[in-house]
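# Fold and contact review
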Protein chains: 4
Amino acid sequence: MSTEADPRVLLVRVPMALRWRDLDAFDHVNNANFLTFLEEARVRWFRGMAEAWVDETRMPLLAAVQINYRRPIAYPAEIAVELYADRVGNTSVTIGHRIVGTDAANADVLYADGHSVIVWIDRESGRPAPLPNAVRAAAEQP
Amino acid sequence: MSTEADPRVLLVRVPMALRWRDLDAFDHVNNANFLTFLEEARVRWFRGMAEAWVDETRMPLLAAVQINYRRPIAYPAEIAVELYADRVGNTSVTIGHRIVGTDAANADVLYADGHSVIVWIDRESGRPAPLPNAVRAAAEQP
Amino acid sequence: MSTEADPRVLLVRVPMALRWRDLDAFDHVNNANFLTFLEEARVRWFRGMAEAWVDETRMPLLAAVQINYRRPIAYPAEIAVELYADRVGNTSVTIGHRIVGTDAANADVLYADGHSVIVWIDRESGRPAPLPNAVRAAAEQP
Amino acid sequence: MSTEADPRVLLVRVPMALRWRDLDAFDHVNNANFLTFLEEARVRWFRGMAEAWVDETRMPLLAAVQINYRRPIAYPAEIAVELYADRVGNTSVTIGHRIVGTDAANADVLYADGHSVIVWIDRESGRPAPLPNAVRAAAEQP
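This write-up is about the structure you can find in this document. No experiment lies behind these values; they were computed from the predicted model shown.

### Details of the packing of helix α1 (residues 31–47) of chain A against helix α1 (residues 31–47) of chain B
Two elements in contact, α1(A) and α1(B), have axes separated by 8 Å at closest approach and are oriented at 175°. When the axis of α1(A) is compared with that of α1(B), the two are roughly antiparallel. Taken together, the residues of α1(B) that come into contact with α1(A) (itself represented by N31(A), A32(A), L35(A), T36(A), E39(A) and R42(A)) are N31(B), A32(B), L35(B), T36(B), E39(B) and R42(B). Here the residues of the contact of α1(A) with α1(B) are counted per class, giving 4 nonpolar, 4 polar and 4 charged.

See below:
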């Protein structure tokens, strides 16, 4: 469960500030909040691009998520989300994700991994739209 | 994308009351909230059992989730979560899930599907523990 | 702390389905989720009106909230939110709120009370706008 | 609405990392999330104390909140929560709060203010318990 070198290309590594409210009644970060962390990392990745990641005609939607919960996250803890380009398609991108520990005591901990499929859609028709150039460029050569 | 007959055994079908706050800035139910709906359906399934689903020695943890977002959920909408027993193991159970529309206008809509792996763990050691009998019984013959 | 007769006019009484995720690490419904319950009750009250409660020119915003947490809410529990018209102004309405128990065991329990000030604003200018007629009518004679 | 000098004693100033999910369908940080920010600031203030802020016998509960929403918070934005000691009682403390902008463009913006009443309770009896010494000391001379 250590954070060994990942052969894939890292797109972005986003430190995520935990909140006490991320905990649920089991005193661990709730499973749904992991998806919020992934979403936040994606949004920050998008926002770092030269082009707008969402505009009046297109927006990204999550098409699928697979996530393995490797270890519970306590509060407080220092964590980061890593995003990797697993596959770049015409209208979608598959992004590998890892949630890892970054404080001294948990620097080698892998809390979760898996991947997400993001598809761009035309806001009007609701149908898949071509990946924005900036996203394609960023995913192919971060 | 219609809700055709599913060959698996249905464990439970839980109507879920949407909240306006389930929406995000894209005006659709946020992706992470789908996991909250699945969690709520599991908890209600557990609570319907004769035995306690969580006690001082054991508790269930989500080990993995796979979810396909088939269609955005607007607000208001009437939805339900269906849980299916995909596989019953010694210390874990794999639960198929479907989120479906239940109002007249969306009675055939499949919003999401996929599966979750739930593992029981010993609270003290953090290691896998045998499935509670009630869970095994409910998953094998609901 | 019993739910004695309230002299004010009741606008709406909205049953609220608790979710396990409403709990926080103290095993009680989190304080912020009370505001989500109040919001949901307001939205349902608005939606029951003849006119649109939000359109392209105007939307309601919460200007202030005061809330007294009288008793922790456990899960599961059956609760309802009651809204009262405390004051109807030109561009705002002050709504009294009560969160009460509705299951047999807690039918007399007052979980929280207080009031909210809702102001209508012009989306473009961000400045206060006249109360929609439907809101005024509903608040004055529900 | 500028962040003029506050005559009260500042207990702590906690930068708060916004998440895209803090937005609601109106594209502003949701009103309930303001309470989550206040809670997070309190927890960090407590955690900075020499003594445990929560133990097996006592825990803090929010007894009341008053909050004025002065301006909507967009995403992204840099904000901080300021806590002030308004009143220190035997079993409770009244904490003034301000949510302010900290990025260059919004350095003078007051997003929200108000106060919270925190009471310590005995976990077993559910009744008010004396303020922990560390909390009293911190509130009286931060």
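Let's pick the thread back up.
### As for the relation of the copies chain A and chain B
Relative to chain B, chain A is turned by 180° and slid 0.0 Å along the rotation axis, the superposed coordinates differing by an RMSD of 0.0 Å. In the structure described here, the two chain copies are related by an operation that fits a two-fold rotation axis. Taking C-alpha positions as reference, the residue of chain A nearest the rotation axis is Q66(A), located at 2.1 Å. Taken as a fraction of all interface residues of chain A, those also at the interface in chain B reach 100%, which identifies the copy contact as same-surface.

### Here we look at the sheet that holds strand β2 (residues 58–69) of chain A
As summarised here, the arrangement of the 10 strands in space is β1(A)-β3(A)-β4(A)-β5(A)-β2(A)-β2(B)-β5(B)-β4(B)-β3(B)-β1(B), forming an open sheet in which the pairing is antiparallel. A single partner strand is all that each edge strand has here, and the edge strands are β1 (10–17) of chain A together with β1 (10–16) of chain B. Neighbouring strand axes in the sheet, compared pairwise and without regard to direction, differ in orientation by 25° on average. Here 6 bridges tie β1(B) to strand β3 (residues 79–88) of chain B, and the two strands are oriented antiparallel to one another. Note that in β3(B) the partner of P15(B) across the bridge is A80(B). Lying on the sheet, α1(A) is in contact with β1, β2, β3 (78–88), β4 (92–101) and β5 (110–122) of chain A together with β2 (58–69) of chain B; it crosses β1(A) at an angle near 125°. Strand contacts of α1(B): β2 of chain A together with β1, β2, β3, β4 (92–101) and β5 (110–122) of chain B, with the helix running at about 120° to β1(B), the strand carrying the most contacts.

### Let's talk about the interface of chain A and chain B
Chain A puts 23 residues into the contact, and the matching count from chain B is 23 residues. Between chain A and chain B the total buried area reaches about 1,800 Å² when both faces are included, carbon and sulfur atoms providing 61% of it. When the buried surface of chain A facing chain B is broken down by residue, F26(A), N31(A) and Y69(A) rank first, second and third, together holding 29% of it. If you look at where chain A meets chain B, you find 0 salt bridges. Put simply, chain A and chain B have 8 residue pairs in polar contact (both at pLDDT 80 or more) between them. Breaking the side of chain A that touches chain B down by element, the ones donating at least two residues are α1 and β2 of chain A. Considering each element in turn, the side of chain A that touches chain B owes the most residues, 10 residues, to β2(A). Counted by class, the side of chain A that touches chain B contains 13 nonpolar, 6 polar and 4 charged residues. Bridge count between β2(A) and β2(B): 5 bridges; the pairing is antiparallel. Considered in β2(B), the bridge of I67(A) is made with V65(B).

### What about the pairing of β4(B)?
All names here are of chain B. For β4, the buried fraction is high: 10 of the 10 residues fall into the buried class. Looking at chain direction, β3 and β4 are connected through 9 bridges and run antiparallel. Across the sheet, V81 pairs through a bridge with I99, a residue of β4. Here β3 folds back onto β4 in antiparallel fashion, the turn holding 3 residues. Sheet analysis places β4 next to β5, joined by 9 bridges and oriented antiparallel. Along β5, the bridge assignment pairs S92 with V119.

The rules behind these values
Residues numbered from 1 in each chain as written. Chains lettered and ligands numbered in written order. Predicted model: local features only at pLDDT ≥ 70, side-chain atom pairs only at ≥ 80, totals over all residues. Heavy atoms only, no water. Axes fitted to C-alpha atoms, helices over the stretch in contact; angles between N-to-C directions. Helix = DSSP H or I, 4+ residues; strand = E, 2+ residues; numbered from the N terminus. Parallel < 35°, antiparallel > 145°, perpendicular 65-115°, else oblique. Contact = heavy atoms within 4.5 Å. Nonpolar A, V, L, I, M, F, W, Y, C, P; charged D, E, K, R; others polar. Least-squares fit on C-alpha atoms with pLDDT ≥ 70 in both. Pairing = 2+ DSSP bridges. Buried area = accessible area lost by both parts, 1.4 Å probe. Salt bridge = Lys/Arg side-chain N within 4 Å of Asp/Glu carboxyl O. Polar contact = N/O pair within 3.5 Å; in protein donor to acceptor, adjacent residues only side chain to side chain. Buried < 20%, exposed > 50% of the residue type's maximum accessible area, 1.4 Å probe, protein only.

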